[in-house]
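So you can see what is in the structure, the chains are spelled out below.
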Amino acid sequence: MDPATPAGSAAAVPSLAELHALGAAQQPAYPDRAAVDATVDRLRTMPPLVFAGECDELKDKLAAVSRGEAFVLQGGDCAETLAGVTADNVRAKLRVLLQMAVVLTYAASVPVVKVGRLAGQYAKPRSSDTETRSTPGGDLTLPAYRGDAVNGYDFTAEARVPDPHRLLDVYNASAATLNLVRAFANGGYADLRQVHTWNTDFVKGSPLGAKYEALAGEIDRALTFMNAIGVDSETLSRVDFHSSHEALILEYEHSLTRIDSRTGLPYDVSGHFVWIGERTRQLDGAHVEFMSRIQNPIGIKLGPTTTPDDVLAYAARLNPHNEPGRLTFITRFGAGKIREGLPPLIEKAAAEGLQVAWICDPMHGNGFTAPSGYKTRRFDDVLDEVQGFFDVHRALGTWPGGLHVELTGDNVTECLGGGEELTDADLANRYESVCDPRLNRVQSLEMAFLVAEMLRKA
Ligand code: PEP
Ligand code: MN
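**Student:** How should empty space enclosed by the protein be read in this particular structure?
**Tutor:** Left-over empty space is what a probe sized like a water molecule reveals as it rolls over the atoms. Within this structure, the stated rule accounts for 2 cavities of 30 Å³ or more. What the largest cavity holds in volume is close to 60 Å³. Forming the walls of the largest cavity are Gly 120, Tyr 122, Ala 123, Ala 149, Leu 167, Val 170, His 245, Glu 246, Leu 248, Ile 249, Tyr 252 and Glu 253. Of all the elements in the fold, those that place two or more residues in the lining of the largest cavity are α5 (165-186), β5 (242-246) and α10 (250-255). For the lining of the largest cavity, a count of residues per class yields 8 nonpolar, 2 polar and 2 charged. Looking at the second largest cavity, its volume works out to about 40 Å³.

Quick look at the structure:
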């Protein structure tokens, strides 16, 4: 792949300066432009994190989702941290995603496309540019934390200064994460029979899991059957796993964009799938322009203010050839709004014949601050939004294409409820997210079993 964009070609990605001139929301206020330029130059020389051909393969799988022939499970941290790049942490996230995927595959009876919010999910849009905390010396206001890609989480003036060198740290952390994920996905760790054994342990090991015994038993019999008829062991022992993140920091995404030698077209090789967030989806803004040029499969978050005409406008800008698999709409309405808000969007898209996948993010419309002061979400609201998503699609005869979830493989206490009935008083025990609250391991598995029931009824 050539690091450069061929000037004047149809495939040309605008320069960084041209993108910034369009107006780019949510960008770091770097104090030292020369340091930014040096980092960008360095990143432009680095090898791709993913290959264009892999992005194309994922696009084909997402095309199957848009036809109703596959389901997506996209999940991981709200914000990855550099300190969180340990073998244990990455393995735990992969493990819970694989466990969920087995349950969903069985219930949906279609392939589940597995996409991690990982190996690049280090930059966060914020609703406020500053954060104020009371300190012994009075209230202190500092720049908001924007993810490890931008500044430090510590509440000190030094830590909160945006540092471009962090983009190189993110590149290296993402490379290390992907290296491990590729090894796990192909090296036997992801073996379907092993993953099912973990699920059986969950079901047998707790009163909470016992509710799901019937479904786990059915999967058990299906696997025994597959073994008996000699389904090739090679097929069962490896999985396809893809990386994804919000394409937020223009310097990072632009400097990791390369011209694919096969096609002469630009791909953002920072991850297989990249998405535009709710706060950066301005139609005439820099993010939409940049994403319109790259060839990756892409997503766009759609919140409750989205109009049916917006949906058509996004499709025209981001997928003018109506290529299936290219564009995924990730809706995040909130449990109270999805049943009214989603149908007009789907109806308009369907009437225009748009080839898109619809997936449900039941997290970002359901956040609130608990009396304890922690940002949290209720497990029941999350499930209710998923139920609303299935209900809407069933009523319209369209395909509920998948889930986008914030979760972790550890036993954190960040979301309320679930079978363990976590309360506000429990949040302090193990609240580790540096941004939004995630489902913990048990809540994630419960979600998979509960969604499996919804899928089977749908
Ligand atoms: C996120 O996915 O972490 C996020 C910030 O989502 P949204 O853009 O939908 O608010
Ligand atoms: Mn989030």
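**Student:** Please clarify how the coordination of the manganese ion (ligand 2) should be interpreted in this entry.
**Tutor:** Ideal values differ by geometry: the angle at a metal is 109.5 degrees with four tetrahedral donors, but 90 or 180 degrees with six octahedral donors. Each protein donor to the manganese ion (ligand 2) is listed here as Cys 78 (SG), His 364 (NE2), Glu 406 (OE) and Asp 436 (OD); together their distances run 2.1 to 2.4 Å. Mapped onto the sequence, the donors of the manganese ion (ligand 2) take the spacing C-x285-H-x41-E-x29-D. Taken together, the positions of His 364 in the loop between β11 (357-360) and β12 (367-369) and Asp 436 in the loop between β14 (402-406) and α15 (441-457) put the pair 72 residues apart, joining distant regions of the chain.

**Student:** For this particular structure, what's the right way to read the packing of aromatic side chains?
**Tutor:** Centre-to-centre distance and the angle between the planes together describe a pair of aromatic rings. Enumeration according to the criterion identifies 9 aromatic pairs in this entry. Between the aromatic rings of Phe 202 and Tyr 212, the centroid separation amounts to 6.5 Å while the plane-to-plane angle is 15°, which identifies the pairing as stacked. In this pair, Phe 202 is assigned in helix α6 (residues 192-205) and Tyr 212 in the loop between α7 (207-210) and α8 (213-228), connecting sequence segments 10 residues apart. Across this residue pair, the class does not change: Phe 202 and Tyr 212 are buried. A centroid spacing of 5.9 Å and a plane angle of 70° characterise the contact between Phe 389 and Phe 390, whose relative ring orientation is edge-to-face.

**Student:** How do you make sense of the packing of α6 against α15 when you look at a structure like this?
**Tutor:** Relative orientation and spacing of two packed helices are given, respectively, by the angle between their axes and the distance between those axes. Relative orientation of the contacting elements α6 and α15 amounts to 100°, with a least axis distance of 12 Å. Classified by the angle their axes make, α6 and α15 are roughly perpendicular. Here Asn 199, Phe 202 and Val 203 of α6 lie close against α15, whose contacting residues are Val 442, Leu 445, Glu 446 and Phe 449. Across the contact of α6 with α15, the residue classes break down as 5 nonpolar, 1 polar and 1 charged.

**Student:** Please clarify how the environment of Cys 55 should be interpreted in this entry.
**Tutor:** Checked against the element boundaries, Cys 55 lands in helix α3 (residues 52-66). Looking at Cys 55, the relative accessible area reads 0%, which means it is buried. On a C-alpha basis, the gap between Cys 55 and Gly 271 in space is 8.2 Å, while along the polypeptide they are 216 residues apart. Ignoring any residue separated from it by four or fewer positions in sequence, one finds Cys 55 in contact with Val 50, Tyr 267, Gly 271, His 272, Asn 296 and Pro 297.

**Student:** Explain the pattern of salt bridges here, please?
**Tutor:** Any two side chains of opposite charge can pair, given that their charged atoms come close. Counting across every chain of the model gives 30 salt bridges. Between Asp 88 and Arg 91 there is a salt bridge, and its shortest N-O distance comes to 3.0 Å. Linking Asp 88 with Arg 91, this pair stays in helix α4 (residues 87-108), spanning 3 residues, or about one helical turn. Assessed through its relative accessible area of 55%, Asp 88 is described here as exposed. Arg 378 serves as the salt-bridge partner of Asp 381, at 3.2 Å between the closest nitrogen and oxygen. Judged by relative accessible area, which is 39%, Arg 378 ranks as partly exposed. Through salt bridges with shared partners, a single network forms among Arg 117, Lys 375, Arg 377, Glu 406 and Asp 436.

**Student:** Would you explain the layout of surface pockets in this entry?
**Tutor:** Counted as a void, the largest pocket has a volume near 900 Å³. Along its surface, the largest pocket is lined by 38 residues, and Arg 126, Ser 127, Lys 375, Cys 435 and Asp 436 are the ones closest to its centre. Secondary-structure elements contributing two or more residues to the lining of the largest pocket are β3 (130-135), β12 and β13 (375-377). When its residues are assigned to classes, the lining of the largest pocket shows 12 nonpolar, 12 polar and 14 charged. One number sums up the size of the second largest pocket: a volume of about 710 Å³. If you go around the second largest pocket, you meet 26 residues; those closest to its centre are Thr 105, Val 112, Lys 114, Leu 192 and Val 239. Sorting the residues of the lining of the second largest pocket by element identifies α3, α4, β2 (112-117), α6, α8 and α9 (233-237) as the ones contributing at least two each. Per-element accounting of the lining of the second largest pocket gives the leading share, 5 residues, to α4. A per-class count over the lining of the second largest pocket returns 18 nonpolar, 3 polar and 5 charged.

Basis of the calculations
Residues numbered from 1 in each chain as written. Chains lettered and ligands numbered in written order. Predicted model: local features only at pLDDT ≥ 70, side-chain atom pairs only at ≥ 80, totals over all residues. Heavy atoms only, no water. 1 Å grid on protein atoms, 1.4 Å probe; cavity = no way out; pocket = protein on both sides within 12 Å on 5 of 7 lines; lining within 4 Å. Points joined across faces, edges and corners; volume = space filled by probe spheres on them. Helix = DSSP H or I, 4+ residues; strand = E, 2+ residues; numbered from the N terminus. Nonpolar A, V, L, I, M, F, W, Y, C, P; charged D, E, K, R; others polar. Donors = N, O, S within 2.8 Å, 3.2 Å for Na, K, Ca; no water. Phe/Tyr/Trp six-rings, centres within 6.5 Å; stacked < 30°, edge-to-face > 60°. Buried < 20%, exposed > 50% of the residue type's maximum accessible area, 1.4 Å probe, protein only. Axes fitted to C-alpha atoms, helices over the stretch in contact; angles between N-to-C directions. Parallel < 35°, antiparallel > 145°, perpendicular 65-115°, else oblique. Contact = heavy atoms within 4.5 Å. Salt bridge = Lys/Arg side-chain N within 4 Å of Asp/Glu carboxyl O.

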